[in-house]
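Below are the chains, spelled out letter by letter.
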Amino acid sequence: QVQLTESGGGLVEPGGSRSLSCTVSGRTFGSLVMGWFRQAPGKEREFVATISWRGTRKSVADSVRGRFSISRDNAQNTVYLQMNRLKPEDTAVYFCAADDNSVSGAYSETSDRYEYWGRGTQVTVSS
């Protein structure tokens, strides 16, 4: 059984930083494309960032480019989302997702590509 467990959410002031982690069990992590998505109250889930198997290819949403970055440690079965210069509009539940049907070098920005999802972690940006 594949399990994705996010951590690192919480309350942060505007302009602050936060790092999210997602640890995966039940699959060979090194062959999973990983992604981060978020969902704000009253809004649809949206893409945030994605990373290929070996971390050589990455993509981030226009809304967070230059502020957020994604990385992974295959030895630790963990993917990270570093969030800097946070804004109130970044407030959302952040979800980690895994795509088990990809090829090396691929990544995916669309949520329907991902078979496995974590439960999410709340990030609130407020003073």
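**Things to note about the state of the cysteines**
Linking two cysteines covalently through their sulfur atoms gives a disulfide.
Then comes step 1: As enumerated under the stated definition, the model contains one disulfide in all.
Then comes step 2: Through a disulfide, C22 is tied to C96; the S-S separation comes to 2.0 Å. Negative torsions about the S-S bond denote left-handed disulfides, and the value of about -75° found for C22 with C96 makes this one left-handed. A residue pair is termed long-range when its members are at least 10 positions apart, and C22 in strand β3 (residues 18-25) and C96 in strand β9 (residues 92-99) qualify at 74 residues. Both residues of the pair, C22 and C96, count as buried.

**Some thoughts on the sheet that holds strand β1 (residues 3-7)**
Then comes step 1: Overall, antiparallel pairing links the four strands, which are arranged β1-β3-β8-β7 in an open sheet. Unpaired on one side and paired on the other, β1 and β7 (68-73) mark the two borders of the sheet. In this sheet, adjacent strand axes meet at a mean angle of 15° when their direction is disregarded.
Then comes step 2: Judged from the five bridges that link them, β1 and β3 form a sheet pairing that is antiparallel. When the sheet's bridge partners are listed, L4 is paired in β3 with V24.

**Observations regarding unusual backbone geometry**
Then comes step 1: Of note, the phi angle at N77 is positive, near 55°, even though the residue is not glycine.
Then comes step 2: The topology assignment puts N77 in the loop between β7 and β8 (78-83).
Then comes step 3: Taking the relative accessible area as the measure of exposure, N77 reaches 28% and is therefore partly exposed.
Then comes step 4: Non-glycine residue R85 carries a positive phi angle of around 50°.
Then comes step 5: By the secondary structure assignment, R85 is in the loop between β8 and β9.

Calculation notes
Residues numbered from 1 in each chain as written. Predicted model: local features only at pLDDT ≥ 70, side-chain atom pairs only at ≥ 80, totals over all residues. Heavy atoms only, no water. Disulfide = S-S within 2.5 Å. Helix = DSSP H or I, 4+ residues; strand = E, 2+ residues; numbered from the N terminus. Buried < 20%, exposed > 50% of the residue type's maximum accessible area, 1.4 Å probe, protein only. Pairing = 2+ DSSP bridges. Axes fitted to C-alpha atoms, helices over the stretch in contact; angles between N-to-C directions.

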